[in-house]
Amino acid sequence: REDLYYRINTVHLHLPPLRERPDDIVPLAKRFMLTFAAKYHRSVADISSEACRMLRSRKWPGNIRELQNAVEKAVIMADGFELGAGDFDLASEEDPGQGAGSARGEVRTLDEAERAAISEAMQRCNGNLTLVARELGISRPTLYAKLKKYDI
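Quick notes on the rules
- Residues numbered from 1 in each chain as written.
- Predicted model: local features only at pLDDT ≥ 70, side-chain atom pairs only at ≥ 80, totals over all residues.
- Heavy atoms only, no water.
- Helix = DSSP H or I, 4+ residues; strand = E, 2+ residues; numbered from the N terminus.
- Buried < 20%, exposed > 50% of the residue type's maximum accessible area, 1.4 Å probe, protein only.
- Contact = heavy atoms within 4.5 Å.
- Salt bridge = Lys/Arg side-chain N within 4 Å of Asp/Glu carboxyl O.
- Core = buried A, V, L, I, M, F, W, Y, C linked by side-chain atoms within 4.5 Å.
- 1 Å grid on protein atoms, 1.4 Å probe; cavity = no way out; pocket = protein on both sides within 12 Å on 5 of 7 lines; lining within 4 Å.
- Points joined across faces, edges and corners; volume = space filled by probe spheres on them.
- Nonpolar A, V, L, I, M, F, W, Y, C, P; charged D, E, K, R; others polar.

Asker: What is the right way to read the overall build of the protein from this model?
Answerer: Helix and strand content of the protein: seven helices and two strands. Along the protein, from the amino end to the carboxyl end, the secondary structure elements read α-α-β-α-α-β-α-α-α. Out of the 152 residues in the protein, the part that is buried amounts to 32%. For the protein, contacts bridging at least 24 residues in sequence account for 60% of all contacts bridging at least 6.

Shown next, in the form of structure tokens:
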């Protein structure tokens, strides 16, 4: 509707793509890392200099949303306190259909990572579903559905 368009079309913001703002990549990645570390109760607290160089060198065709998703997956998959370049499962620029895998030689899907996170939370909480749901930041019905989905 044209009248609606003119009501909301008062301010124009031009935000250049992430590839044109390489200095913003690492601060954004660190912010996302802290958010997802808290959300998933992970102990990740920093990004290695090698990983920072890798993130800055990437073109990020999916812009900030792609960076956010890459950091979220890296936080879920990370084993230590620092995200290394191998924790990022980024498709190569030349072949966007293939993931790079992790430094540990394994490629896990998001479902596999979610299943592992639920299993680990179940062990930490001694099977108390209320505590597991609270720790994972999901509702009990959602937890029940995921337990059924992953046959846990």
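Asker: Looking at this structure, I do not really get unusual backbone geometry. What am I missing?
Answerer: Glycine aside, a negative phi is what most residues show, and trans is what most peptide bonds show. Although it is not a glycine, W60 sits at a positive phi angle of roughly 55 degrees. Note on placement: W60 falls in the loop between α3 (49-57) and α4 (63-77). Positive phi is not limited to glycine here, since D151 has a value of about 55 degrees. Locating D151 in the fold gives a position in the segment after α7 (140-149).

Asker: I tried to follow the pattern of salt bridges on my own but got confused; where do I start?
Answerer: Two side chains carrying opposite charge are able to pair once their charged atoms lie near each other. Within the structure shown, the criterion is met by nine salt bridges. Between R56 and D23 there is a salt bridge, with the nearest N and O atoms lying 3.1 Å from each other. A residue pair is termed long-range when its members are at least 10 positions apart, and R56 in helix α3 and D23 in helix α2 (residues 22-39) qualify at 33 residues. Taking the relative accessible area as the measure of exposure, D23 reaches 58% and is therefore exposed. As a salt-bridge pair, E66 and R58 come within 2.8 Å of each other at their nearest N and O atoms.

Asker: Sorry, what's going on with the nonpolar core here?
Answerer: A general trend in soluble globular proteins is that nonpolar side chains are found buried together. Among the nonpolar cores identified, the biggest contains 24 residues, and I47, L55, W60, L67, V71, L83 and F88 are the most heavily contacted of them. For this core, the secondary-structure elements that each account for two or more residues are α2, α3 and α4. Top contributing element to this core by residue count: α2, with seven residues. Leave out the neighbours within four places in its chain, and L67 touches L18, I25, L28, A29, F32, L55 and W60. Among the nonpolar cores identified, the runner-up in size contains ten residues, and I118, A121, M122 and L136 belong to it.

Asker: I'm lost on the layout of surface pockets in this one. Help?
Answerer: Approximately 170 Å³ is the volume found for the second largest pocket. Looking at the second largest pocket, it is lined by ten residues, and the ones nearest its centre are E66, N69, A70, K73 and D89. No other element matches the five residues that α4 contributes to the lining of the second largest pocket. Looking at the lining of the second largest pocket, its residues break down into four nonpolar, one polar and five charged.

Asker: Help me out: how do you make sense of the environment of I118 in this one?
Answerer: Checked against the element boundaries, I118 lands in helix α5 (residues 110-124). Along the primary structure I118 and L147 are separated by 29 residues, whereas in three dimensions their C-alpha atoms are 8.1 Å apart. Not counting residues within four places of it along the chain, the set of residues in contact with I118 comprises L136, L143, K146, L147, Y150 and I152.

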